[in-house]
Amino acid sequence: MADITIRAVRKSYGKTATLHGIDLAFASGEFVVILGPSGCGKSTLLRMIAGLEDITGGEIEINGRVVNALEPRERGCAMVFQNYALYPHMTVADNIGYALKVAGVPKAERRTRIAETARIVGLGDYLERKPAALSGGQRQRVAMARAIIREPGVFLFDEPLSNLDATLRVTMRAEIRKLHQRLSATSVFVTHDQVEAMTLADKLVVMNKGHVEQVGQPLDIYHRPASTFVASFIGAPPMNLIDCSIDATDAVARHEHLAIPVPAAISAALGGRAVTLGIRPEECRVLPVGQGLPARVDFVEELGSGRIVHVAFGSRIFAAAIPADIRVVPGDLIGLALPEAQLHVFHRETGKRIDVTHSTGRLGRHQGQDAAPQAAEAV
Amino acid sequence: MDKRAVFRSWWLPTAFALPQLALIALFFYWPAVAVVRWAFTLEPPFGGSAEFVGLANFREVFADPLYWNSVLVSLTFALAGTLSTIFIGLVLALAVDRQLPGSGAVRFLYILPYAIAGPAAGMAFRFILSPERGLMASVNAVLPDFWNPAKYGSHALILVIVVFAWKWAGYTFIFLLAGLQSVPKSLTEAAAMDGSGPIRRAIDIQIPLLAPTLFFLTVIMMTEGFVGPDTYGIVARTTDGGPNHGTDVMVYRIVEEAFRGLNYSGASAQSIVLIGLIMIFTFIQFRFIERRVHYK
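Residues numbered from 1 in each chain as written. Chains lettered and ligands numbered in written order. Predicted model: local features only at pLDDT ≥ 70, side-chain atom pairs only at ≥ 80, totals over all residues.

1. Describing the overall build of chain A
- The number of helices and strands found in chain A is 10 helices and 22 strands.
- Projected onto its principal axes, the C-alpha positions of chain A cover 80 × 45 × 40 Å.
- For chain A, the residues scored as buried account for 42% of the 379 residues in total.
- The contacts of chain A with a sequence gap of at least 6 include a subset with a gap of at least 24, amounting to 65%. (Helix = DSSP H or I, 4+ residues; strand = E, 2+ residues; numbered from the N terminus. Buried ≥ 20, exposed ≤ 12 C-beta atoms within 10 Å, placed from the backbone. Contact = placed C-beta atoms within 7 Å.)

Written as structure tokens, this is what we have:
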């Protein structure tokens, strides 16, 4: 059990800066997922917590102790690597028990603890095998057992599921979650997979280009993305975004010849402003031609439980999730309804979310952590 | 790879291979056959017809205590040379692999001695470690005769082993560094997370994974120590096989017997025994060590 505080942490390689001042706080026992596209600095941040990368600037504190100058072994973290990093010349038992051996734990105690840990991850029968004789999922379990046996305060996971096939990934995801409930150690899990992120996280951190874009509970982030980046990164298919200008007199947002109805509060607060409107594909509704806004079906993706239609909407392609009983074919003219209450409004230049309080029409900024400074840079 | 281009005629590929075949025949098979023939005949030193003597040459060689001395010296030289080159190369490679500042420059420096001819290095070390003027002279001033390779065979043997190690450590270093760089970085990182320090990591993780490279280098360095041209060159330039046959390695003895003693037959018999020894060593190494090497 340990809490982690990250203060103004920066990382640069030579002159290239990869992390530009990260501030985060993880409570003890929390399951934190850091989500971002490749190259956003999420793995670097994790490795800095682990002590495998030097910290260029700022401070990392684990359990109230600044760890900047500490060796990895002194930080009380255990890590599961993306490629598992099992020692190929050692048996499963030796792999799991290596940390204890280094720590000088007597052989008898070591053996019982290895057996106990192997049982937790379901590897009891494989202790004498070499990693090469194991399947991908079993190797993953060895890697987890190796981390568990040290009873660490902090678990670090560096994209541990990305080398597994889709079915196994779902199983291991559930097991990691169960394991966390059982051990309740603080866990930091880095991934680029939004499904992993949504399902595992108590707290979700979305990163982009070395900045934190948004921190929050997964559902909050899904329902109130702090920027167009978060909006388009989370959700499959991603949120539809369209550049509009809000009409000052009518409650509509104009995009070319289209007039998208918006809540009166928005037009009152933002009249005349250039914004980006967003709406999730799940919220778009498809109507018969003549109703709603005109759109033409571009192509259809079958999902079995429903289908995704991609429609040409003005100069944009919008995705809309529709139930299986609505049949459309490419080329069909349809009507598209965008429920006003589900519209998200973003600043056109900075991409930051704009919240309009419906009752008063008062303009407010979303309270995203350290949102303002990096927005200017990202645009 | 199932489609192969095949020559239609037999003479064209033969013509392409001919220069290489001629070279091998001239400089390898012909001398080898000549050595075998000489080993079983008595070759007159100043020409004339040779007489078949069966195994008499071998009996004479095995009866000579100086021959057995040279076998012992060669064994000591090859074993000590192999162990010290691999050990030094390994320590240097582990240090350079940590990629501390300046490791690029020292990597170059460590490889450099390999580019120097063994005899030249031997000449240099004769002066560097000369008992009267060299590095050890000040020790000798306090403890007379503490170091005197001109007087004691054991000191002279240490001297040639030092020269051999100095030159060949750069060679093992290249291979070991390449081997270390192919050990996935995440393994040493995982070991670091498991609480293991740099030296413990080297012993527990890196060296076991270097086993194939270490095995390869053992075979190569043992062969080099026994029959390598450098071994002859170093001994000839540094100690001349002396003092009192203290550094009389087998290759040196063979060349001396053949070209100074003009005993072609005896030298040929010794060559054949040497080749046999090398084959036995290599066989033992492959038979008993290779199977313990992890290639995965």
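2. Section: the overall build of chain B
- Helices and strands together make up the secondary structure of chain B, namely 13 helices and 2 strands.
- A fraction of 70% describes how many contacts in chain B between residues 6 or more apart in sequence connect residues 24 or more apart.

3. Notes on helix α2 (residues 92-102) of chain A
- The buried fraction of α2 of chain A amounts to 8 of the 11 residues, a majority that puts the element mostly inside the structure.
- The inward-facing, buried residues of α2 of chain A contact α3 (107-120) and α4 (136-148) of chain A.

4. Regarding the sheet that holds strand β17 (residues 306-313) of chain A
Residues and elements named next belong to chain A.
- Strand order in the open sheet made by the 5 strands is β15-β19-β16-β17-β18, with antiparallel pairing throughout. Bordering the open sheet on either side are β15 (285-287) and β18 (316-323), each of which pairs with just one other strand. Direction aside, neighbouring strands of the sheet carry axes that sit 50° apart on average.
- Pairing of β17 with β18 involves 8 bridges; the strand directions are antiparallel. (Pairing = 2+ DSSP bridges. Axes fitted to C-alpha atoms, helices over the stretch in contact; angles between N-to-C directions.)

5. Comments concerning the sheet that holds strand β3 (residues 31-35) of chain A
Residues and elements named next belong to chain A.
- Strand order in the open sheet made by the 6 strands is β6-β7-β8-β3-β9-β10, with mixed pairing throughout. This sheet does not close on itself; its edge strands, each paired only once, are β6 (77-80) and β10 (211-216). Strand-to-strand twist across the sheet, computed as the mean angle between neighbouring axes with direction ignored, equals 20°.
- Pairing analysis gives 5 bridges linking β3 to strand β8 (residues 186-191), with the strands arranged parallel. Paired with I34 across the strands is V190, a residue of β8.

6. Re the interface of chain A and chain B
- Contacts between chain A and chain B engage 18 residues on the former and 16 residues on the latter.
- Counting only elements with at least two residues in the side of chain A that touches chain B, the list comes to β6 and α2 of chain A.
- For the side of chain A that touches chain B, the residue count by class is 15 nonpolar, 2 polar and 1 charged. (Nonpolar A, V, L, I, M, F, W, Y, C, P; charged D, E, K, R; others polar.)

7. Focus on helix α12 (residues 250-260) of chain B
All names here are of chain B.
- Within α12, the full set of buried residues consists of M250, V251, Y252, R253, I254, E257 and A258.
- For α12, the secondary structure elements touched by its buried residues are α3 (65-97), α10 (211-227), α11 (229-238) and α13 (264-289).
- Positive phi appears at L262, one or two residues downstream of α12, with a value of about 55°.

8. Comments concerning the pairing of strand β12 (residues 252-255) of chain A
Residues and elements named next belong to chain A.
- Pairing geometry for strand β11 (residues 240-246) and β12, over 2 bridges, is antiparallel. Looking across to β12, one finds that I246 is bridged to A253.
- Bridge count for β12 against strand β13 (residues 258-261) is 4 bridges, and the pairing is antiparallel. Across the sheet, V252 pairs through a bridge with P261, a residue of β13.
- Count of turn residues in the β12/β13 antiparallel hairpin: 2 residues, of which E256 carries a positive phi of about 50°.

9. Remarks on the confidence of the model for chain B
- Within chain B, residue pLDDT values average 88, and 97% of them lie at 70 or more.
- Taken over the whole predicted complex, pTM reads 0.78, whereas the ipTM for its chain interfaces reads 0.78. (pLDDT = per-residue confidence, 0-100.)

10. Some details on the nonpolar core
- With 167 residues, the main nonpolar core has I34, I49, L156, V188, V205 and L336 of chain A together with V160 of chain B as its most contacted residues.
- If one sorts the elements of this core by residue count, helix α7 (residues 153-181) of chain B sits on top with 16 residues.
- No fewer than three residues from each of domain 1 (4-223) and domain 2 (238-378) of chain A sit in this core.
- Once you skip the residues sitting within four places of it in the chain, I49 of chain A turns out to touch I4, I60, C77, L156 and V188 of chain A. (Core = buried A, V, L, I, M, F, W, Y, C linked by C-beta atoms within 7 Å. Domains from an automatic or database assignment.)

11. Some remarks on the packing of α7 of chain B against α11 of chain B
Residues and elements named next belong to chain B.
- Following both chains from N to C, one finds α7 and α11 inclined at 135°, their axes separated by 10 Å at the closest point. Considering their axes alone, α7 and α11 lie oblique with respect to each other. As for the relative orientation of α7 and α11, their crossing is right-handed in sense. Contacts from L159, V160, V163, F164 and K167 of α7 reach α11 at D230, I234, V235 and T238.
- Residues of the contact of α7 with α11, tallied by class, amount to 6 nonpolar, 1 polar and 2 charged. (Parallel < 35°, antiparallel > 145°, perpendicular 65-115°, else oblique. Left-handed = near helix turned anticlockwise from the far one by under 90°.)

12. Digging into the environment of V329 of chain A
Residue and element names in this part refer to chain A.
- Its place among the elements puts V329 in the loop between β18 and β19 (333-337).
- The exposed category is assigned to V329, around which 9 C-beta atoms lie within 10 Å.
- When the C-alpha atoms of V329 and V300 are compared, they prove to be 7.1 Å apart, with 29 residues separating the residues in sequence.

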